[in-house]
Each structure stands twice: as C-alpha cells, then as structure tokens.
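Listed here are the chains, written in short residue letters.
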Amino acid sequence: MPCSSLAEKKAASANTLAARLARLGLRTDADFILHLPLRYEDETRITALADARPGVAAQFEVDVVDSEIAYRPRRQLLARVRDGSGALILRFLNFYPSQQKALQPGAHLRIFGELHEGYLGPEIIHPRFHVVAAGETLPECLTPVYPTTAGLGQGTLRRLIEKALARADLGDTLPPELRERLGLPEFAAAIHRLHTPPPEMTQAELEARGHPAWRRVQFDELLAQQLSLRRAYTARRARGAPPLKPTAKLTGALLKSLPFRLTAAQQHAWQEIAADLAQPHPMQRLLQGDVGSGKTVVAALAMLQAVEAGHQAALMAPTEILAEQHYRKLAAWLEPLGIEVAWLTGSLKKREKEAAIEKVGAGETAIIVGTHALIEDKVELARLGLAIVDEQHRFGVRQRLALKEKGLYAHQLAMSATPIPRTLAMSYYADLDVSVLDELPPGRSPVTTKLVSESRRDQVVARVHDACRAGGQAYWVCPLIEENGVSAEANASEANVKRSGRSQNAVLQLKTAEETYARLAADLPDLKIGLVHGRLKPAEKAAVMSAFVANEIHLLVATTVIEVGVDVPNASLMVIEHAERFGLAQLHQLRGRVGRGTAQSACILLYAQPLGELARARLKVIFGSTDGFEIAREDLRLRGPGEFIGSRQSGLPLLRYADLEDAALVEQARAAAEDMLHRAPEAAAAHLQRWLGGREELLKA
Ligand code: ADP
Ligand code: MG
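Keep in mind it's a predicted model, so treat the numbers as computed, not measured.

**Regarding helix 11 (residues 295–308)**
For step 1, the next point in the chain: An ideal rise of 1.5 Å per residue puts 20 Å on 14 residues; helix 11 measures up with 20 Å between its terminal C-alpha atoms.
For step 2, the next point in the chain: Of all 14 residues in helix 11, 14 are buried; the element is thus mostly enclosed.

**Focus on the site of ligand 1**
For step 1, the next point in the chain: Contacts to ligand 1 come from 17 residues, most closely from R261, G292, K295, T296 and R444.
For step 2, the next point in the chain: In this structure, a nitrogen atom belonging to ligand 1 sits 2.9 Å away from a side-chain N or O atom of Q266.
For step 3, the next point in the chain: The fraction of the free accessible surface of ligand 1 (560 Å²) that becomes covered by protein chains is 86%.
For step 4, the next point in the chain: Of the residues that constitute the shell around ligand 1, the class distribution is 4 nonpolar, 6 polar and 7 charged.

**As for the sheet that holds strand 24 (residues 602–607)**
For step 1, the next point in the chain: Strand order in this open sheet of 6 strands is 17-24-23-18-22-21, and the pairing throughout is parallel. The open sheet has two free edges, formed respectively by strand 17 (448–453) and strand 21 (529–532), since each of these has just one partner strand. The average undirected angle you get between the axes of adjacent strands in this sheet is 20°.
For step 2, the next point in the chain: Where strand 18 (residues 473–477) meets strand 22 (residues 555–558), 4 bridges bridge the pair, whose relative direction is parallel. Note that in strand 22 the partner of A474 across the bridge is L555.
For step 3, the next point in the chain: Along the sheet face, helix 16 (residues 457–469) touches strand 17, strand 18, strand 22, strand 23 (571–576) and strand 24 and points at about 150° away from the line of strand 18.
For step 4, the next point in the chain: Helix 19 (residues 538–549) rests against strand 18, strand 21, strand 22 and strand 23 of the sheet, and its axis sits at about 140° to strand 21.

**Re the packing of aromatic side chains**
For step 1, the next point in the chain: This model, assessed by the stated rule, comprises 4 aromatic pairs.
For step 2, the next point in the chain: Arranged with centres 5.1 Å apart and planes meeting at 20°, the rings of Y327 and W343 form a pair that is stacked. Of the two residues, Y327 sits in helix 12 (residues 320–334) while W343 sits in strand 12 (residues 341–344), which places them 16 residues apart along the sequence.
For step 3, the next point in the chain: Judged by its relative accessible area of 22%, Y327 falls in the partly exposed class.
For step 4, the next point in the chain: Taking relative accessible area as the criterion, W343 reaches 16% and is therefore assigned buried.

**Let's talk about the packing of helix 20 (residues 584–591) against helix 22 (residues 628–639)**
For step 1, the next point in the chain: Helix 22 packs onto helix 20 with a crossing angle of 160° between their chain directions and a minimal axis gap of 9 Å. Between helix 20 and helix 22, the angle is such that the two are roughly antiparallel. On helix 22, the residues that touch L584, A585, H588 and R591 of helix 20 are G628, I631, E634, D635 and L638.
For step 2, the next point in the chain: Residue composition of the contact of helix 20 with helix 22, grouped by class: 4 nonpolar, 2 polar and 3 charged.

**Examining the environment of D635**
For step 1, the next point in the chain: Looking at where D635 falls in the secondary structure, it is placed in helix 22.
For step 2, the next point in the chain: Between the alpha carbons of D635 and L584 there is a distance of 6.2 Å; along the sequence they are 51 residues apart.

**Considerations on the pairing of strand 5 (residues 108–114)**
For step 1, the next point in the chain: Strand 5 sits mainly inside the fold: 5 of its 7 residues count as buried.
For step 2, the next point in the chain: The pairing of strand 2 (residues 57–71) with strand 5 spans 7 bridges and is antiparallel. In the strand pairing of strand 5, A58 is matched with G113.
For step 3, the next point in the chain: Here 4 bridges tie strand 5 to strand 8 (residues 128–131), and the two strands are oriented antiparallel to one another. Directly across from R110, in strand 8, lies its bridge partner H130.

**Observations regarding unusual backbone geometry**
For step 1, the next point in the chain: The peptide bond linking Q609 to P610 adopts the cis configuration, its omega dihedral lying at -10°.
For step 2, the next point in the chain: Along the chain, P610 falls in the loop between strand 24 and helix 21 (613–624).
For step 3, the next point in the chain: For A248, which is not glycine, the phi torsion reads 65° and is therefore positive.
For step 4, the next point in the chain: As for its placement among the helices and strands, A248 is situated in the loop between helix 8 (212–238) and helix 9 (249–257).
For step 5, the next point in the chain: Given a relative accessible area of 43%, A248 falls into the partly exposed group.

**Quick notes on the pattern of salt bridges**
Any two side chains of opposite charge can pair, so long as their charged atoms come close to each other.
For step 1, the next point in the chain: In this structure the tally under the stated criterion is 27 salt bridges.
For step 2, the next point in the chain: The partner of R230 in a salt bridge is E674, with the nearest N and O atoms 3.0 Å apart. With a gap of 444 residues between them, R230 in helix 8 and E674 in helix 25 (residues 663–679) connect regions that are remote in the sequence.
For step 3, the next point in the chain: Using a relative accessible area of 14% as the deciding quantity, one classes R230 as buried.
For step 4, the next point in the chain: For E674, a relative accessible area of 32% gives the class partly exposed.
For step 5, the next point in the chain: Salt bridges sharing common partners tie together R39, E41, E43 and R128.

**Some words on the nonpolar core**
The tendency in soluble globular proteins is for nonpolar side chains to be buried as a group.
For step 1, the next point in the chain: By size, the foremost hydrophobic cluster in this structure holds 59 residues, and its most contacted members are L334, I367 and L386.
For step 2, the next point in the chain: Looking at this core element by element, the count peaks at 10 residues for helix 11.

**Some remarks on the packing of helix 25 against helix 26 (residues 681–692)**
For step 1, the next point in the chain: Where helix 25 contacts helix 26, the axes come no closer than 5 Å and their chain directions differ by 120°. Taken together, the axes of helix 25 and helix 26 are oblique relative to one another. Across the interface between the two elements, M676, L677, H678 and R679 of helix 25 pack against P681, A683 and A684 of helix 26.
For step 2, the next point in the chain: Residues of the contact of helix 25 with helix 26, tallied by class, amount to 5 nonpolar, 1 polar and 1 charged.

**Let's talk about the environment of H465**
For step 1, the next point in the chain: Relative to the helices and strands, H465 resides in helix 16.
For step 2, the next point in the chain: Separated by 58 residues in the primary sequence, H465 and D523 place their C-alpha atoms 9.4 Å from one another.
For step 3, the next point in the chain: When neighbours within four sequence positions are excluded, H465 is seen to be in contact with L524, D526 and L527.

**Some points on helix 6 (residues 187–195)**
For step 1, the next point in the chain: Taken residue by residue, helix 6 has F187, A190, I191, L194 and H195 as its buried positions. Burial along helix 6 is one-sided: seen end-on, the buried residues are contained in an arc of 120°.

Calculation criteria
Residues numbered from 1 in each chain as written. Chains lettered and ligands numbered in written order. Predicted model: local features only at pLDDT ≥ 70, side-chain atom pairs only at ≥ 80, totals over all residues. Heavy atoms only, no water. Helix = DSSP H or I, 4+ residues; strand = E, 2+ residues; numbered from the N terminus. Expected span 1.5 Å × (residues − 1). Buried < 20%, exposed > 50% of the residue type's maximum accessible area, 1.4 Å probe, protein only. Near = heavy atom within 4 Å. Polar contact = N/O pair within 3.5 Å; in protein donor to acceptor, adjacent residues only side chain to side chain. Areas by Shrake-Rupley, 256 points an atom, 1.4 Å probe, with all protein chains shown as cover. Nonpolar A, V, L, I, M, F, W, Y, C, P; charged D, E, K, R; others polar. Pairing = 2+ DSSP bridges. Axes fitted to C-alpha atoms, helices over the stretch in contact; angles between N-to-C directions. Contact = heavy atoms within 4.5 Å. Phe/Tyr/Trp six-rings, centres within 6.5 Å; stacked < 30°, edge-to-face > 60°. Parallel < 35°, antiparallel > 145°, perpendicular 65-115°, else oblique. Salt bridge = Lys/Arg side-chain N within 4 Å of Asp/Glu carboxyl O. Core = buried A, V, L, I, M, F, W, Y, C linked by side-chain atoms within 4.5 Å. Arc of directions from axis to C-beta.

Distances and angles like these do not, on their own, reveal function.
Here it is in structure tokens:
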C-alpha cells in the first residue's frame, strides 16, 4: 500500500538521520546545543565584486549574464555573472539539472565563496548560491559551520540545533558566585553567542578560542571531566577494603637484605603507599617514576605489607618479558624470606598452569606475578588484598579493572614509567592519588645519545664490535615497519601484534627483524648474537633473554618487545635503527634499557635521510634531554593530548573544546569541582548531566 510504504520510507530516512547524528554523538538536546561551530561564514553583508579579495570567502549579489555546459576537457557548468562593479565566472564541475536551471540569464543570485584568478578571469568554483526571493533580507547573525559527517548537510544540522536551542534548558549550572569569581559569562549567553553570533563580532574574534564565550565552554567541559573523575574516586573510596596493617616483619626483612638503600623518593612513595594500605577503604594510587627509578622494590614492599596482614598480592605486567623479569626479581628477593612467588602466564604448560591456579586459589601462595593470564576467569584470588598493575597505560581499562575485581575489595596500585605532564595528570589521573619517584638511584652514569646517519652504519657496527669484545653487551633495535609511509609506532607493540593476529605488518616486522639479525651476524662473526621479537614462543623468548642476562649473548637484536622493564645492567650500548620512525616515548623507554650499571653508556640513533619535520623534531628532543618529564612535555606538544594518552586506553572521551595545556583553566576547573561536590551537589549533577548525559559510565572505569 502506498500509505505504508510512505511511512516506511519516512522511518527509514529518520533512521539514517538518527544514525548520522549518532555518529556525531548527537542524541539529546544538550548534545545539540553543545555541538559548536568550527567556524563562521559572514552572510550578513554583500561585498561588491570589485572589492573581492582572492582567497577570502565573501558573499556577493549578482545577476546571471549567461550560462553554458562546456567540455574543457571535462563536462562542466559555467555561468557568467556580474554586479554593478565587476564580473565573475561560476564554475561547477559537478552539478544537478536544478542548478543549471537556476542559472538562467537574468536570475538574481546571492553567492558565497572564495574568489580566485582562473583561466578566463576571476572565478569561484562551486559557490553556494540561491536565487534571491522577493523581499528577502540579509541574515542578522554570522552563519555557523558545524562539524558534520557524510550525508548530513549544514542546513539540517542548523535547523536541529536551532530547535534544541529554543527548547532546551539553558539554565546556568555554575553557582553565581563561582561564575563571577572566574569572570565567565552566563552559559545561555555564551552558547547563543557561539551558535548565533551578532555580526559586529568579527570572525577572527570568534574563532580565536580565547573569546569569553569559548572560555566558558572550555571551563564547563573541564569541569565536567573533573566532576566525573572526582565522583568516581569518591564512590570507590566509599567502598570497604581490608586494612592491611603493617607489622614491618617482612618489609623490614626485605629492606635489610637489599644490597642498596632506598632513595629518598622511594622512601617517601613507600610511606604514602603503606599509609594507604592500612586504611579500611581501597587505595587508588599511581606510582609514577621514570625508567630505572626503582619502582619494583616499592611494589615488593607493598606486596609484603599485604602478606604481613594475611592477604594475597598480585602483580600484572603487560608483556611476558616484563612479567618474567618481575617474577625473577621478586623471587630472588622474597624466597630467601620464605615467601613463595607464583608465576602465571599464558605460555605455561597446561598442567603447570592448573597447578599454579590451584595453589593460588587455595590461598597457599601469597604473591602472584603474571601477564593478563592473571585475569582469566579460572584464576581465583580469594584473599587478594593488593592488585598492582605495571605499565598500566598499556592495558585497556577493562583489563585493569578485571584484576582488581579478582579481589572485590582490593587496594590498587598502578605503576607507570610514562611521565605525564602535570596538567595532563590532573585531568587523566584526577581519580588517582599519585606518588612520584623523581630521582634515580645513585651511581648511574647518564646515557650519551648520538645521532648518526644511516650512511655511517659500518662505523656503528665497528663500535658495537669493540664494546662487546671489551666485555660489554649491546642492544640493536630493529627498525619499525612503516605503514603507508606513517610510522607504525602504535601498531608495533606486542599486544597489538597479538590482537591483530598475523597481520601483514607483523609479518613484515618479523621479516625485518630476521634480516637485521642475519646482516649483523654476517658483519660480526666473532660475536654471539641473539634475536628476540614478539612472535617467538614465550619459552624461546625467555631462553634468549636469560642467555643475555647471563652474558652468554653479546649482542641482542630486538624489536620493541624489549621496550619496557628489561633490566640488564651490563648492557651499556644501544643502537636504534631508523630511529626517526619511533615515537618519543618509545625512544625514551628503549634508551632506558642502557645506563643501568656503572659503565658509561651510549645510545646511538641511526636515522635515514630525508627526515620529515616531525621526525626531526622528535630526534632533536631525544638528543637534547634524558629527563622523562621534559620528553613527555615535548611529546604532548608535538602530538596533542588525544594521541599522547590514547583515549581508548584511558577510557576518557577526548576534550572537544578545552586544551589540557591551558594549565590555569584546568586548575580552576579542578578546584571548582571539589567545591561544587561539597557545596552544590545538585548543580554538579546537573552539570554532569548536561555534558556527559548517559556517557558517564565510561569514566567510572
Ligand atoms: P623501574 O622503575 O624502571 O621499574 P627498576 O625497579 O627495574 O626500575 O629498578 C632499576 C634497577 O635499579 C634495578 O636493577 C633495581 O634493583 C635497582 N634499584 C632500585 N632501587 C635502587 C636503589 N635505591 N639503589 C640502587 N639500585 C636500586
Ligand atoms: Mg619497571
């Protein structure tokens, strides 16, 4: 029936519209009103053709002289138009018959576009135009141009946003005295101004994000983020956890047995953690310390405090190599104290694994170290008192949570060697307390970094040879595969290779690693050379690594699997091939593998010409600094916060309007969030509702 098919059609088009809107995250009225323009077009004024400037978009009012379809060489529609002051050609490479029809000689048009000098004189390609209706006036506001998606026109978006603006509650969620203290405009005024700006505002003024209306929006966005993080923090804190009271029996014994004394920073962090663990609510703390700052021993002390209190402690690391290093180190420290350490990874034989799971489940083993095998369903950690996640940013939110949920009320410690600049930390870690190891253990000699052109590879190989003959050891890091000319940094991590299975990239990466190995083995026949890469079986990987630790291998050719945690103090030379393809954080982590002993260490960054601008900037930073925080700051500057943190990893939606580098505004939002949660909880709730709607769940992770 025609009637039903019409209804169906309508439903279908509504569906596709809804789908397109959903792609932009537009569901509620609040979503629409917070969908703000990218830029503006000024259709409030008519410019005379004689005054038009090339490259500047403007509106003109013209009459069509004539129009024709030409073939030069492609089929196209050309219209000659003029106003009292000059003439112009409109050129359409694609067009509808209706457009052709509208461009009849004598038609009176308003056109909008950028003029430039064409073959036949001044022209505009694909101007927006319409036939002027009788009595039509000029719009009173600048025309907003919104971010959109394929198949969703500006007109439709504008109409929907206008409707939402007319209907929605634009009431202020900021308490008036806060708003005044911060000198911010009212929400309704700011929003109207941005959607429908009066023509006396210049576009430059509007598009510069420093305008008070933008400040208000940016502040609100940051406030929503802070509120949500603080609320999640408070909610978790309200839960109970077993107070892990220190007896110092085990921790004291460990401290006594160590061949070194804790640094002041370690001491301080350890005290903060010990105090948290003794509380009856869960610790939510991040231990942040640059590569080599000695986080493991702090983790070991924390685990012992849990054991002292009769609980289990688990440590999860993102890669097999790293987990194994932790396991060895912890076993070496703790077994002499009579504490057994269990080891659990995916690569264990089925029987070994089941035995380990059973022992752990029965509560026989108090300390468990492993990879994400720890969060498998079968693993039960009934007495888990402390869950530690190393290199936590390398796990997805879900995995991080899963470990904690093995013991419902466990205390939580995350560790990270990726230093996060302060403003970013305030934002992304607002739901965590942070302890920082800001000094390295004494006796480390700083790593010298050298930039060497690929053309001098032979000299570098000779240097590796000499260093190894002299009793040292070296790493040679294989080049990353570039995908479509873009550095495959993000794709090269072990976890990703696993996820994508035998992807083309992984295969190529393996091939490169094997070729690099073969070439070095041919160049250096008198050295023992090993190869590790992400596709080795874990047992094979472990065998190569332990041979390297035992100095049975001089030169270890490796992919980025060695990036985190590997600790071989005798290795004092590292060569990174095609260093220009690596990210800054990655270079810093890799370089951190050397300089762990007393020997003077060096990191040689081999690069190939020509260097792109970004690659050059990165190499300059890594050459100029060994300070992880400074490098992270530069990384943030070069990449922007979204990339830097990886939104999917952090579980946070990216900020759309605010800039995390705007430290002052982030600080203000943070303070305001604290204040509002205490003094104006309803306003805080309304604010969250407006900005995050139902999406807040994401943040609770
Ligand atoms: P990271 O913070 O990168 O995980 P590690 O915990 O692996 O660092 O420590 C790096 C190295 O420094 C290890 O060999 C560790 O045993 C050693 N170490 C840790 N603390 C100290 C200290 N206070 N004095 C001397 N060496 C230390
Ligand atoms: Mg470590």
